[in-house]
Amino acid sequence: MTECKRDIDCRGAVQKLWDYLDHELTPERMDEVRRHLERCGNCLPHHEYGRVFLAALASARQADARAPDALRRRVMDSLRAAGLST
Amino acid sequence: MDDRDRAGGQPAPSPAAGTNEEDGRLVPQMTASAETAREDDLRFEAEALPYIDDVYRFALSLTRDAADADDVVQETFLRAYRSWHTFQPGSDARRWLFTITRNVFLRSRERERRHVDLEDGDLEALSSFVAATDQGRDGSDQILSRIDLAPALRRALNELDEPFKSAVVLVDLEDQSYEAASEILGVPIGTVRSRLFRGRRILQEKLMTYARDAGFTTAQRGQRGSKDD
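This is a predicted model, so every value here is computed, not measured. (Residues numbered from 1 in each chain as written. Chains lettered and ligands numbered in written order. Predicted model: local features only at pLDDT ≥ 70, side-chain atom pairs only at ≥ 80, totals over all residues. Heavy atoms only, no water.)

Peer 1: For the packing of helix α4 (residues 44-59) of chain A against helix α8 (residues 164-173) of chain B, give the residues involved together with the corresponding values.
Peer 2: Closest axis-to-axis distance for the α4 of chain A/α8 of chain B pair is 9 Å, and the angle between their directions is 95°. Comparing the axis directions of α4 of chain A and α8 of chain B gives the class roughly perpendicular. Only V168, D172 and L173 of chain B of α8 of chain B make contact with α4 of chain A, whose side of the interface consists of L54, L57 and A58 of chain A. Looking at side-chain class alone, the contact of α4 of chain A with α8 of chain B contains 5 nonpolar, no polar and 1 charged residues. (Axes fitted to C-alpha atoms, helices over the stretch in contact; angles between N-to-C directions. Helix = DSSP H or I, 4+ residues; strand = E, 2+ residues; numbered from the N terminus. Parallel < 35°, antiparallel > 145°, perpendicular 65-115°, else oblique. Contact = heavy atoms within 4.5 Å. Nonpolar A, V, L, I, M, F, W, Y, C, P; charged D, E, K, R; others polar.)

Set out below in structure tokens:
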């Protein structure tokens, strides 16, 4: 792992990077990491790598995937057999 | 159990009570019960069924097989309907359905299920980015933005074992928060984090293998490919 002579610890920043990219840190922690990234040329590539990776992963989501009509009918049939009255 | 035991000493209505004209009170009681059931059905149809596409997509992500996904979806809605009375009105129906979906999926994969205990999310986070650092030194990080990774990622996701797959699918594909994933998976948030980070690291390793195989590697700069072998 790379080291940085800045006043914010690189190890701590890198440990929080996924949480930072996922927006799962408190606002204070988010600011802390963001400020570190702004100043640390060593950690910024890690952030960019994670950001691009997550964007690629999100693109793998089959957003247009819809339940086929046959499945909808099958689900409704089984629900009615179980007592659904509508 | 004696019928009287169920209602504080009062006799419980028999199935035929609603037709007993000697006790006029029971007829509206049964009608009200039927009305309540119908209202529950209407609520189920309005609040749960609209998420069938979401459930299908989640099931497809987990199973990576259309026929298996169909089975999971059908079983999910059947279970959801049967336990609709446990659903808290006003809470997140999609999240509730995802919980059932994953349970149905796990049940269907029980024999293949692998139990992995990973609790140290910080270590996972660190090791993941350390791996990324090493790859970055080779310029491999730039590969991520140069090639269409979606097919490779889908294949890598398909190969990803539980419990990592569910965590990655929920957070990275279905955009659920750690808290929501924790609720759906029935594990602490720390466990979600460790599973998520480990899953991402495995995916990254698979992607780098894919990139090398596809000729995008910069292995000539140091032959670092052997680290993933």
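Peer 1: Describe the pattern of salt bridges, with residues and values.
Peer 2: If charged atoms from side chains of opposite charge come close, those side chains can pair. Within the structure shown, the criterion is met by 22 salt bridges over all chains. Across the pair R66 of chain A and D53 of chain B runs a salt bridge, and its minimum N-O distance is 3.7 Å. Of this pair, R66 of chain A sits in the loop between α4 and α5 (69-81) while D53 of chain B is found in helix α2 (residues 52-63), placing the two residues in two different chains. The exposure class assigned to D53 of chain B is buried, which follows from its relative accessible area of 18%. A salt bridge links E162 of chain B to R102 of chain B, with the shortest nitrogen-to-oxygen separation between them at 3.3 Å. One end of the pair, E162 of chain B, is in the loop between α7 (150-159) and α8; the other, R102 of chain B, is in helix α4 (residues 93-108), with 60 residues separating them in the sequence. Accessibility assignment for this pair places E162 of chain B and R102 of chain B in one class, buried. When salt bridges with common partners are traced through the structure, they connect R66, D69 and R72 of chain A together with D53 of chain B into a single cluster. (Salt bridge = Lys/Arg side-chain N within 4 Å of Asp/Glu carboxyl O. Buried < 20%, exposed > 50% of the residue type's maximum accessible area, 1.4 Å probe, protein only.)

Peer 1: Describe the confidence of the model for chain B, with residues and values.
Peer 2: Residue and element names in this part refer to chain B. The predicted model of chain B has a mean per-residue pLDDT of 74, with 63% of residues at 70 or higher. For residues 1-22, every residue scores under 50 in pLDDT, and the model assigns this stretch 14 contacts once sequence neighbours within four places are set aside. Low pLDDT, under 50, characterises residues 113-120; the stretch is placed with 15 contacts to residues that sit more than four places away or in other chains. Both confidence scores are given for the complex: pTM 0.68, ipTM 0.78. (pLDDT = per-residue confidence, 0-100.)

Peer 1: Which residues make up the layout of surface pockets, and what values do they have?
Peer 2: Approximately 270 Å³ is the volume found for the largest pocket. Lining the largest pocket we find L21, D22, H23, E24, R51, L54 and A58 of chain A together with V171, D172, D175, Q176 and S177 of chain B. Secondary-structure elements contributing two or more residues to the lining of the largest pocket are α4 of chain A together with α8 of chain B. Ranked by the residues each element gives to the lining of the largest pocket, the list is headed by α4 of chain A, at 3 residues. (1 Å grid on protein atoms, 1.4 Å probe; cavity = no way out; pocket = protein on both sides within 12 Å on 5 of 7 lines; lining within 4 Å. Points joined across faces, edges and corners; volume = space filled by probe spheres on them.)

Peer 1: Which residues make up the interface of chain A and chain B, and what values go with them?
Peer 2: With 41 residues of chain A at the contact, the number on the chain B side is 53 residues. The interface formed by chain A and chain B includes 5 salt bridges. With its nearest N and O atoms 2.5 Å apart, the salt bridge here joins D53 of chain B to R72 of chain A. Between the two partners, chain A and chain B, sit 12 residue pairs in polar contact (both at pLDDT 80 or more). Tallying contributions element by element places α4 of chain A first for the side of chain A that touches chain B, with 10 residues. Considering only residue class, the side of chain A that touches chain B consists of 23 nonpolar, 10 polar and 8 charged. (Polar contact = N/O pair within 3.5 Å; in protein donor to acceptor, adjacent residues only side chain to side chain.)

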